[in-house]
Amino acid sequence: MSVIVYTCPFVPGEWIAAHGLQPRRIIPHAAEAHAGIGCAAGLCPFARAFANHVIGDRQLRGAVFTTGCDQMRRMYDLVNGRTAVKMFLLNVPKVWRSAECVQLYIDELRRMGRWLCDLGGRALADETLAETMIDFDQHRQAVRGAGCRTQPSCSCHDGFIKLALIGGPLLAGELALFDLIDRLGGRIMLDATETGELSMPAEFDPGRLREDPVRELARAYFESIAAVWKRPNTGLFEWTGRMCAERQVQGVICHRLVWCDLWHAEVYRLRQALGLPFLDLDVSDDGVCERTTGRIQAFMETLQ
Amino acid sequence: MGPRQITLEEWELRYDVLKSAGLDEPFYGGRLGRHLGDGDYRLRNLRFDDSAAALRLWNFLLTEEERLARARAEGRKLVGVMKDLGTTAVMAYALDNVVAFYPDGAWWIPCIMENSDRLLAVADSLGIGESFCPVRAMSGAFVTGNHFPIPDLLTCSVGATCDDFSAIAQRLEGLGHEIVWWEMPHRRAPESDEETVVLPGGVFAAGRSQVDFVKSQLEVVRKALERVSGELLDGDKLADTIARANRVRRVLGELRRAVYTAACCPLPALEMLIAEMLAIHYCSDRDETEAVLEELLAEVHARITAGVGFGGSDTAKVFWVNPVADLRVMNMLEECGGRICGTDYMFTHALDLIPEGIEPMEALALAALADPMAGSSHDRAARIAADVTAFGAEAVIVSRIPGASHCCAEGRVIGDYLRGTLNLPVLEIEVPPLCDAVRPGLYTRIEALVESIKQQRTP
């Protein structure tokens, strides 16, 4: 009963853990059309799936929504009052090159901290936070170094077409995309979706962490994670461009959920900026369906 | 004889009659039909109020592009203030050498020009297709440069705004139009230990920290305005511009009160929608906006005194939520036997008086935070409920904007709230930029609402 669930990468798990509660960042399963909050034209399938998870999981202590996109902000309104689960809306600023906005993010974390205390969490101590941050960072380091995707010259990639998967968050059913692409002769060298590497916070700087852990947390998350909704979103283009080059990517699959205006609007520029064969893969909440498979298959054939 | 709603064709004769009776027009006056020459073909399908005041309103609206072009030619700085709908324009008009406008307004061009300018096709070519709100026309307007001069400065509020606009504005920056972004936080209830600040309109409140934060963001806008204009934007100028904005808002407030509470509707829904829009950025001429609204108000007072108007006293009173992408739908309400008694066209904060007698930047921050779209849909529903009660509306129409990120969720929240608190019928409709193809369906739905309103009345 101490689980706090969230999906947004701008919610630092270590912040929740340092308050003595259990952070759980989930990749939700696609929602049943008529379950939970139901379905309406225009609703983001991912936001709806998260909402239904919150409504349906009676073991949760709390759920954190964020304002990263308008759909999720509005989803908080829809869910509010339909579940006994305690909910919190974290205001994550869109403008990021601004000292005031960094401070707003920190203030919002502190406000969330008070909410966590109300849910039975303990008051935050800087020392505990610093230790928790180091612990989380070590786990992330292990993930970063896992496998050989960071080594594009590794012989295990021979014969495969090196691809980047970029875009919005994946639903649980869509994780099968990785296997599908593998079977079709491709290898995802870069998972630049919002549920992948794109949303990984920066490594903590030990010196700054000792000096002011909260400020360092804000730097590693708010200032460092590239997001399509940041204004300006130049960081997204810089990061994906650099990573595609590093991983020797030969083609890009842009995964975007229907009704996601933020990714949809950037498909055009990403295609131009990356200068690689590009598949605009619009998906709904029906998992890896025949249409999706067919489109990827055709894309792979063009790259052979 | 009472007022009538007439066609563009009928306005030709009506214009002659008014002229021969000594109609005195401002510099932008003239026949309404001349705007067809600019490609404003939708006018052929609209029905207009037949007063001289309404003629002035329409001519004022339809000549904004000329005013902006003239301002550019005169060397004045043009500022495109995007998204916040009402606050930053007030700041900009404090400067002598600046004309501010909302490029957002381009969203009505596909309707007004019946797509003849192909702005939506240009947006399509940029990858901004039909799944976006019709405000995507704005990107087409920037590319073609046919509808307003490219501004010397662009500002845009982001944060608690819709994804469509934020995404499209970002694309504008990608096209080389530099933007000064400023953050509008999601308005939330004050913390228990935080000073509560009641916002203009009296329904919403925010915590002191949010007010201070918005002030810091408006300072960013202030500095940008000073840079582009070369003028100092000091407290005195801001206090003066707030007072001037409030003059416009007072006239508009009285117009709304008079029209929405009159026994017989004295001004149609379409003209009222246009009148309300003027509050956002004065249609690029603040003095003239005040004069246009005052003439409308005088006309309305005269009609109320004479007991004339549109429809009978049994006309169904409807509160309208969100602006329509196709203006023709406002005519449809009256055709179905309804009238407008209250509105929330997403900019109620541009109608509320900005506090005076306090530090101007604080006052502007309060006004910006009162944006109904910056808070929760529950908040917005509470404001709607208060206004529904004040204006005596009997039902609510929530008009969805196709593709808009807020519309898929807010209608349900607003509907549930109003049914639960006021036991009112709520109807959701969706209005595309040109509604002709779906007109029968829309008509049927509105007609059914009007019928149920009338049936529910106690004899």
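Reading the values: rules and limits
Residues numbered from 1 in each chain as written. Chains lettered and ligands numbered in written order. Predicted model: local features only at pLDDT ≥ 70, side-chain atom pairs only at ≥ 80, totals over all residues. Heavy atoms only, no water. Buried < 20%, exposed > 50% of the residue type's maximum accessible area, 1.4 Å probe, protein only. Helix = DSSP H or I, 4+ residues; strand = E, 2+ residues; numbered from the N terminus. Pairing = 2+ DSSP bridges. Right-handed = clockwise from strand over helix to strand, strands pointing away. Contact = heavy atoms within 4.5 Å. Axes fitted to C-alpha atoms, helices over the stretch in contact; angles between N-to-C directions. Expected span 1.5 Å × (residues − 1). 1 Å grid on protein atoms, 1.4 Å probe; cavity = no way out; pocket = protein on both sides within 12 Å on 5 of 7 lines; lining within 4 Å. Points joined across faces, edges and corners; volume = space filled by probe spheres on them. Nonpolar A, V, L, I, M, F, W, Y, C, P; charged D, E, K, R; others polar. Buried area = accessible area lost by both parts, 1.4 Å probe. Salt bridge = Lys/Arg side-chain N within 4 Å of Asp/Glu carboxyl O. Parallel < 35°, antiparallel > 145°, perpendicular 65-115°, else oblique. Left-handed = near helix turned anticlockwise from the far one by under 90°.

A.B. asks: Just checking my understanding: could you explain the pairing of strand S3 (residues 62-66) of chain A for this structure?
C.D. replies: Remember that side chains alternate between the two faces of the sheet whenever the strand is regular. All names here are of chain A. Across the 5 residues that make up S3, a large majority, 5, are buried. Side chains Gly62, Val64 and Thr66 project from S3 onto one buried face, and the interleaved Ala63 and Phe65 project onto a second face that is buried too. When strand S1 (residues 3-6) meets S3, the two strands line up parallel, connected through 3 bridges. Bridge assignment links isoleucine 4 to a residue of S3, and that residue is glycine 62. For S3 and strand S4 (residues 86-90), the ladder comprises 5 bridges, and the chain directions are parallel. Among the inter-strand pairings, valine 64 is bridged to a residue of S4, identified as phenylalanine 88. In this fold, S3 hands off to helix H3 (residues 70-79), which returns the chain to S4; that crossover is right-handed.

A.B. asks: What is the right way to read the environment of histidine 378 of chain B from this model?
C.D. replies: By secondary structure assignment, the location of histidine 378 of chain B is in helix H15 (residues 377-391). Judged by its relative accessible area of 29%, histidine 378 of chain B falls in the partly exposed class. Once the C-alpha coordinates of histidine 378 of chain B and tyrosine 417 of chain B are considered, the two residues, 39 residues apart in sequence, prove to be 7.2 Å apart. Sequence-distant contacts of histidine 378 of chain B, defined by excluding residues within four places in its chain, comprise Asp77 and Asn80 of chain A together with Val413 and Tyr417 of chain B.

A.B. asks: Is there a simple way to explain the sheet that holds strand S6 (residues 186-193) of chain A in this structure?
C.D. replies: The pairing of strands in a sheet comes from backbone hydrogen bonds and takes either a parallel or an antiparallel form. All names here are of chain A. Pairing is parallel in the open sheet, where 4 strands are placed in the order S6-S5-S7-S8. At either margin of the open sheet sits one strand with a lone partner, and together these are S6 and strand S8 (278-283). Going across the sheet, the axis of each strand differs from the next one's by a mean of 25°, ignoring polarity. Where strand S5 (residues 161-167) and strand S7 (residues 251-257) come together, 5 bridges link them in parallel fashion. Of the residues in S7, the one forming a bridge with leucine 165 is isoleucine 253. Set on the sheet, helix H9 (residues 234-246) makes contact with S5 and S6; between it and S6 the angle comes to about 160°.

A.B. asks: Help me understand helix H8 (residues 163-174) of chain B in this model?
C.D. replies: Counting along an α-helix, one turn takes 3.6 residues, and residues three or four places apart therefore face a common direction. All names here are of chain B. Between its first and last C-alpha, H8 extends 16 Å over 12 residues, near the 16 Å set by a 1.5 Å rise per residue. Counting buried positions along H8 yields 11 of 12 residues, so the element is predominantly enclosed. Every buried residue of H8 is listed here: Asp163, Asp164, Phe165, Ser166, Ala167, Ile168, Ala169, Gln170, Arg171, Leu172 and Glu173. Once H8 ends, the next one or two residues include glycine 176, with phi positive near 105°.

A.B. asks: I keep staring at the layout of surface pockets and nothing clicks. Help me out?
C.D. replies: A probe matching the size of a water molecule, rolled over the atoms, marks out where space remains unfilled. For the largest pocket, the calculated volume is near 1,000 Å³. Lining the largest pocket are 38 residues, and of these Arg140, Val143, Gly196, Met200 and Pro201 of chain A lie nearest its centre. Only helix H1 (13-18), strand S2 (22-25), helix H5 (126-145), S6 and H9 of chain A provide two or more residues apiece to the lining of the largest pocket. Residue composition of the lining of the largest pocket, grouped by class: 17 nonpolar, 9 polar and 12 charged. What lines the second largest pocket is a set of 41 residues, and nearest its centre among them are Asp104, Gly105, Ala106, Trp107 and Trp108 of chain B.

A.B. asks: Looking at this model, I keep getting lost on the interface of chain B and chain A. Mind explaining?
C.D. replies: For interface size, the figure often reported is the accessible area lost on association. Counting residues at the interface gives 45 residues for chain B, matched by 41 residues for chain A. In this assembly, chain B packs against chain A so that about 3,500 Å² is buried in total across both faces, 52% of it on carbon and sulfur atoms. Our count for the chain B to chain A interface comes out at 4 salt bridges. A salt bridge links arginine 114 of chain A to glutamate 191 of chain B, with the nearest nitrogen and oxygen atoms 3.2 Å apart. Within the residue set of the side of chain B that touches chain A, elements represented by two or more residues are strand S5 (153-159), H8, strand S6 (180-184), helix H9 (208-229), H15 and helix H16 (407-422) of chain B. With 8 residues, H8 of chain B is the single largest residue contributor to the side of chain B that touches chain A. Its residues assigned to classes, the side of chain B that touches chain A shows 15 nonpolar, 19 polar and 11 charged.

A.B. asks: How do you make sense of unusual backbone geometry when you look at a structure like this?
C.D. replies: Backbone geometry follows two general trends: most residues other than glycine have a negative phi, and most peptide bonds adopt the trans configuration. Here arginine 231 of chain A and proline 232 of chain A are connected by a cis peptide whose omega angle stands at -10°. With respect to the helices and strands, the residue proline 232 of chain A is situated in the loop between helix H8 (213-223) and H9. One non-glycine residue, glutamine 248 of chain A, adopts positive backbone phi at about 55°. With respect to the secondary-structure elements, glutamine 248 of chain A resides in the loop between H9 and S7. Even without a glycine there, the phi angle at methionine 346 of chain B is positive, about 80°. Residue position: methionine 346 of chain B is located in the loop between strand S10 (338-344) and helix H14 (360-369). Relative accessible area serves as the criterion here: at 9%, methionine 346 of chain B is assigned to the buried category.

A.B. asks: How do you make sense of the packing of helix H2 (residues 52-62) of chain B against helix H12 (residues 286-306) of chain B when you look at a structure like this?
C.D. replies: A packed helix pair is summarised by two numbers, namely the angle formed by the two axes and the spacing between the axes. Residue and element names in this part refer to chain B. Orientation of H2 relative to H12, taken along the N-to-C sense of each, is 155°, at an axis distance of 8 Å. Comparing the axis directions of H2 and H12 gives the class roughly antiparallel. Judged by the sense of rotation from one axis to the other, the crossing of H2 with H12 is left-handed. Facing H2, whose interface residues are Ala52, Ala53, Ala54, Arg56, Leu57 and Phe60, H12 presents Glu288, Thr289, Ala291, Val292, Glu295, Leu296 and Glu299.

Keep in mind these numbers describe shape, not what the thing actually does.
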